[in-house]
Amino acid sequence: MRNTPHHLLLLVSFAAFLGFPGGAVAASPEPRPPTKEERARYPWLSADRSIRPLAEAIPPPSGYTRVAVEDGSFGTWLRGLPLRPEGSPVQDFGGQDILAGDHAALAAVAELDVGSANLQQCADSIIRLHAEWQWSRGQKERIAYRFTSGDLASWTRYAAGDRARVSGSKVSWVKSGPVDGSRASFRAYLDLVFTYAGTLSLASERQRPKRGDLRPGDFFVLGGSPGHAVLILDVARNAKGERVALLGQGFIPAQDFHVLSPGEDGPWFSLEGEEVATPFWKPFPWSALRRFPAP
């Protein structure tokens, strides 16, 4: 701390006394316009937005390092998830504030549109991010999600003009739309999925990783009407092997996807207990851990 003014030394010492990571509060990066590469990786972004990449905005706690993730994986993509400027509130689909920017359970808000209807809720937000990752890597034929009925709705089928007709629990597909592979058509496809998918369909995912195999991109889900789901955005580990995670969610009503915080010691959640407790919902047992099928 060479040439550090005395009053700054006192502030750093006070931060260390309070137990902040590394003895000081990590400075959040200044919001900036997305780069050309970021706009390709997160194609809903517009050039006039101000963002902070998740991994830059939220460092791991003192003594922890982020776990390794595969290049090109969903977890790697989530580490670059664009966040709004610090202090942004969570708003619903109608533009009304749901959580104040300084709410104790809120760590950050993703720069991700929520649409104009009450559709993109908790499970839908996770589907949205996973679909956007597949879109950004050119794997559009892998964009497919199940309705609660169990029927598979694929983007390629929708883009070819097929449309779902739903009668009770019965789904049939009819070629009644235009052939359209545009972004606007993709958002319409996602709204269709959001309408008929949910926590029950996410909970039916067959890949159920073991506790020790948890990785960024997995999710916890308790199916129901309503149920709830949270996405594991990142994982860090210390020298003892203890792990913590960043968790994000959408919620009811449809609202901005946001990074959660367990409170004053946030935003990282411990993964060492028999359950993972989050704000706004009952704790998730480890049996609720799920993973999307491998690409």
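Our subject is the structure listed above.
Along each chain, numbering runs from 1 in the same order as the chain's sequence is written. Thresholds applied to this predicted model are a pLDDT of at least 70 for local features of residues and 80 or more for the giving and counting of side-chain atom pairs; totals over whole chains, interfaces and linings are not thresholded and use all residues. Side-chain measures here rest on the full set of heavy atoms in the structure, leaving out hydrogens and waters.

Draft legend 1. Structural detail: the packing of aromatic side chains. Here a pair means two rings of Phe, Tyr or Trp (six-membered ring of Trp) with centres within 6.5 Å. Their orientation is stacked below 30 degrees between planes, edge-to-face above 60, and tilted elsewhere. Taken as a whole and assessed by the stated rule, the structure comprises 20 aromatic pairs. With a centroid separation of 4.9 Å and an interplanar angle of 40°, the aromatic rings of Tyr42 and Trp77 are classed as tilted. Remark: Trp77 occurs in helix α4 (residues 74-79) and Tyr42 occurs in the loop between α2 (36-41) and β1 (52-53); sequence separation between them is 35 residues. When a residue's accessible area, from a 1.4 Å probe over protein chains only, is under 20% of the maximum for its type it is buried; when over 50% it is exposed; and in between it is partly exposed. By relative accessible area, Tyr42 is classed as buried at 1%. Only lysine NZ and arginine CZ atoms are considered, and such an atom sits over a ring when it is within 6 Å of the ring centre and within 35 degrees of the ring normal. In this arrangement the basic side chain of Arg128 is found over the ring face of Trp44, its NZ or CZ atom lying 5.8 Å from the centre. Helix and strand assignments follow DSSP, with helices taken as H or I runs no shorter than four residues and strands as E runs no shorter than two, numbered in order from the N terminus.

Draft legend 2. Structural context of the environment of Ile143. Counting through the fold element by element, Ile143 comes out in the loop between α5 (122-136) and β7 (144-146). With relative accessibility at 0%, the residue Ile143 sits in the buried group. Sequence-wise, Ile143 and Trp133 are 10 residues apart; in three dimensions their C-alpha atoms are separated by 9.4 Å. If near-sequence neighbours (up to four positions away) are discounted, Ile143 is found in contact with Ala131, Gln134, Trp135, Ala153, Ser154, Trp155, Phe186 and Tyr189. Any two residues having at least one pair of non-hydrogen atoms within 4.5 Å are treated as being in contact.

Draft legend 3. View of α5. Expected span, for any helix, means 1.5 Å times one less than how many residues it has. With 15 residues, α5 should cover 21 Å at 1.5 Å per step; its first-to-last C-alpha distance of 22 Å lies within 8% of that length. The positive-phi residue at the C-terminal boundary of α5 is Gly138, with phi of around 75°.

Draft legend 4. Representation of the packing of α5 against helix α7 (residues 183-196) within the structure. To get an axis, a line is fitted to the C-alpha atoms, and for a helix only the part in contact is used. The angle between two axes follows their N-to-C directions and goes from 0 to 180 degrees. One way to put it is that α5 packs onto α7 with a least axis distance of 10 Å and a crossing angle of 145°. Judged by the sense of rotation from one axis to the other, the crossing of α5 with α7 is right-handed. On the side of α5, the interface is formed by Asp124, Ile127, Arg128, Ala131, Glu132 and Trp135, while α7 contributes Arg183, Phe186, Arg187, Leu190, Val193 and Phe194. A per-class count over the contact of α5 with α7 returns 7 nonpolar, no polar and 5 charged. Should the near helix be turned anticlockwise from the far one by less than a right angle, the crossing is termed left-handed; should it be turned clockwise, right-handed. Classification convention: Asp, Glu, Lys, Arg as charged; Ala, Val, Leu, Ile, Met, Phe, Trp, Tyr, Cys, Pro as nonpolar; all other residues, Gly among them, as polar.

Draft legend 5. Structural view of the pairing of strand β9 (residues 162-167). Here 6 bridges tie β9 to strand β10 (residues 170-175), and the two strands are oriented antiparallel to one another. Residue Asp162 lies in a different strand from β10, and its bridge partner there is Lys175. Between β9 and β10, which pair antiparallel and follow one another directly, the connecting turn spans 2 residues, one of which, Gly168, has a positive phi of 65°. One bridge is not enough; two strands pair if DSSP finds at least two bridges between them.

Draft legend 6. Region of the structure containing the nonpolar core. To qualify as a nonpolar core, a set must consist of buried Ala, Val, Leu, Ile, Met, Phe, Trp, Tyr and Cys residues joined through side-chain atoms within 4.5 Å. Counting residues in each nonpolar core, the largest one holds 53 residues, and the members touching the most others are Tyr189, Leu202, Leu231 and Leu233. A total of 7 residues in this core trace back to one element, the largest contributor, which is α5. The contact partners of Leu202, leaving out residues within four places of it in the chain, are Ala123, Ile126, Ile127, Phe219, Val221, Ala229, Arg290 and Phe292.

Draft legend 7. Structural context of α7. In this model, α7 (14 residues) spans 20 Å end to end at C-alpha, consistent with the 20 Å of a helix rising 1.5 Å per residue. Restricting attention to buried positions, one finds in α7 the residues Ser185, Phe186, Arg187, Tyr189, Leu190, Leu192, Val193 and Phe194. At its buried positions, α7 is contacted by α5, β7, β8 (152-154), α6 (155-159), β9 and β10.

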